[in-house]
Amino acid sequence: MKKILLSVALTACVTTANAQKALVLYYSETGTTKTVAEELQRQLGADIGSIEAVKPYSGNFQETIQRGQREMQNGQWPELKPLQSDIGKYDIIFLGYPIWFGTYANPIVTLVKSNDFAGKTVVPFCTFGSGGLNTSSDALKKALPKARIRQGYGVRTARVASAAKELDRFLKAYGYKKGSVSRLPDYSAQQPVTDADKAIFDAACSGYQFPLGTPQTVGKRTTDDSTDYKYTVKSRGFDGAESTSTVYVTVGKQQGAKPEFTEVVR
Ligand SMILES: Cc1cc2nc3c(=O)[nH]c(=O)nc-3n(C[C@H](O)[C@H](O)[C@H](O)COP(=O)(O)O)c2cc1C
């Protein structure tokens, strides 16, 4: 019954054309989030604006880590240039950012402190090395209690080439763009990983700059384009404490497709 209701809701939602005025507003230090923002703008036909720091970040990873940590520790968030776009004119704001330290990048802290998002619908989108959509969306809900924070979209830096296709599905599924999409199947129940499942996990994850841990169990689903894996993974944090995360992996159906991990949810 629940399933039927859900699919009815999804069908109703995707056939609703979006007449609301939309703005794509984003911060990007090294261009990845900008690429996604421009794709979103293209698909939505929306206005677009960037968020700029008065003193730009250098684009150097280590320098930004150091500056970002200093800002966080001192609570001295970066000053921003005045926005070119008037947020007040829009109903819905697609808010884009890179993930820094597990949540939205520091310039977004200044943005949400200094602008009125009351009554706005906010759709977060982000780019990341491994993940951070859920944690940053939750943080936005806390920072903007008078806005409606909707389900967002996130993509790994290494997979940004997949964003156009994924955004097309995302925008149709949530009714921001005309068109319909079929509902993706649920993952099967979690089962202990076999050697073959472990090999797929390793092929997807062992090239990543940080170890992601050891997969314990896996659920699977088959879509028109891919076989997807949802691994429960045990790892140790920098403090040595054990934690469990969920790692999503996809393998395209085309011949020779390599397993790719799409997101880590901590
Ligand atoms: C200071 C800093 C902290 C970061 N922290 C994370 C993190 O916690 N998790 C993650 O998955 N990626 C992290 N990243 C990677 C960025 O989210 C990723 O490279 C992003 O695509 C950069 O987007 P941009 O090119 O639009 O600036 C971090 C990058 C920087 C510079």
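Everything numeric in this text was worked out from a predicted model, so none of it was measured. (Residues numbered from 1 in each chain as written. Predicted model: local features only at pLDDT ≥ 70, side-chain atom pairs only at ≥ 80, totals over all residues. Heavy atoms only, no water.)

Focus: the pattern of salt bridges
Inference 1: Evaluation of the coordinates by the stated rule reveals 14 salt bridges.
Inference 2: In this structure, Glu-39 and Arg-42 form a salt bridge, with 2.8 Å as the shortest nitrogen-oxygen distance. Placement of the pair is Glu-39 and Arg-42 together in helix H2 (residues 32-44), with a separation of three residues, close to one helical turn.
Inference 3: Of the charged contacts in the structure, one is a salt bridge between Arg-183 and Asp-186, with a shortest N-O distance of 3.5 Å.
Inference 4: Residue Asp-186 is classed as partly exposed on the basis of its relative accessible area of 44%. (Salt bridge = Lys/Arg side-chain N within 4 Å of Asp/Glu carboxyl O. Helix = DSSP H or I, 4+ residues; strand = E, 2+ residues; numbered from the N terminus. Buried < 20%, exposed > 50% of the residue type's maximum accessible area, 1.4 Å probe, protein only.)

Quick word on the pairing of strand S7 (residues 153-156)
Inference 1: Residue alternation in S7 divides its side chains into two sets, Tyr-153 and Val-155 and Gly-154 and Arg-156, and both sets are buried.
Inference 2: Pairing of strand S5 (residues 121-128) with S7, which is carried by four bridges, proceeds in the parallel orientation. Looking across to S7, one finds that Thr-127 is bridged to Val-155. (Pairing = 2+ DSSP bridges.)

Remarks on the side chain of Arg-159
Inference 1: The topology assignment puts Arg-159 in the loop between S7 and helix H6 (163-173).
Inference 2: Taking the relative accessible area as the measure of exposure, Arg-159 reaches 9% and is therefore buried.
Inference 3: In contact with Arg-159, other than residues within four places in its own chain, are Glu-166, Thr-250, Glu-260, Phe-261 and Thr-262. (Contact = heavy atoms within 4.5 Å.)

Quick word on the site of the ligand
Inference 1: In the neighbourhood of the ligand, 20 residues make up the surrounding shell, with Ser-28, Thr-30, Thr-33, Ile-99 and Ser-130 lying closest.
Inference 2: Between the ligand and the protein, one listed contact pairs an oxygen atom with a backbone N or O atom of Ser-130 at 2.7 Å.
Inference 3: Expressed as a share of its isolated accessible area of 650 Å², the protein-covered part of the ligand is 86%.
Inference 4: Broken down by secondary-structure element, the contributors of at least two residues to the shell around the ligand are H2, helix H3 (61-74), strand S3 (92-100) and S5.
Inference 5: The residue makeup of the shell around the ligand, split by class, is seven nonpolar, 12 polar and one charged. (Near = heavy atom within 4 Å. Polar contact = N/O pair within 3.5 Å; in protein donor to acceptor, adjacent residues only side chain to side chain. Areas by Shrake-Rupley, 256 points an atom, 1.4 Å probe, with all protein chains shown as cover. Nonpolar A, V, L, I, M, F, W, Y, C, P; charged D, E, K, R; others polar.)

What about the side chain of Gln-43?
Inference 1: Of note, Gln-43 is situated in helix H2.
Inference 2: Under the relative-accessibility criterion, Gln-43 is labelled buried at 15%.
Inference 3: Looking at Gln-43, its side chain comes within polar contact range of the main-chain oxygen of Ala-164, at 2.9 Å.
Inference 4: Within polar-contact distance, the side chain of Gln-43 engages the side chain of Lys-177 at 2.9 Å.
Inference 5: In contact with Gln-43, not counting residues within four places along its chain, are Ala-164, Leu-167, Asp-168, Leu-171 and Lys-177.

Side note on the packing of aromatic side chains
Inference 1: In the structure shown here, the tally under the stated rule is 13 aromatic pairs.
Inference 2: With centroids separated by 5.1 Å and ring planes inclined at 45°, the aromatic side chains of Phe-170 and Tyr-174 adopt a geometry described as tilted.
Inference 3: You can call Tyr-174 partly exposed: its relative accessible area is 40%.
Inference 4: Their ring planes at 70° and their centres at 5.0 Å tell us that Phe-201 and Tyr-231 sit as a pair that is edge-to-face. One end of the pair, Phe-201, is in helix H7 (residues 195-205); the other, Tyr-231, is in strand S10 (residues 226-236), and 30 residues separate them in sequence.
Inference 5: The class of Tyr-231 is buried, set by a relative accessible area of 0%.
Inference 6: Connected via pairs of aromatic rings, a cluster forms that spans Phe-94, Tyr-153, Phe-170, Tyr-174 and Tyr-176.
Inference 7: It is Arg-67 that lies over the ring of Tyr-57; its NZ or CZ is 3.7 Å from the centre.
Inference 8: Positioned over the ring face of Phe-261 is Arg-156, at 3.6 Å from the centre of the ring. (Phe/Tyr/Trp six-rings, centres within 6.5 Å; stacked < 30°, edge-to-face > 60°. Lys NZ or Arg CZ within 6 Å of the ring centre and 35° of its normal.)

Some details on the packing of H2 against H6
Inference 1: Two numbers describe how H2 lies on H6: the axes approach to 10 Å, and their chain directions differ by 45°. Between H2 and H6, the crossing angle belongs to the class labelled oblique. The hand of the H2/H6 crossing is right-handed. Contact residues: Val-36, Glu-39, Leu-40, Gln-43 and Leu-44 in H2; Ala-163, Ala-164, Leu-167, Asp-168 and Leu-171 in H6.
Inference 2: Partitioning the contact of H2 with H6 into residue classes produces seven nonpolar, one polar and two charged. (Axes fitted to C-alpha atoms, helices over the stretch in contact; angles between N-to-C directions. Parallel < 35°, antiparallel > 145°, perpendicular 65-115°, else oblique. Left-handed = near helix turned anticlockwise from the far one by under 90°.)

Keep in mind that these numbers describe shape and distance, not what the molecule does.
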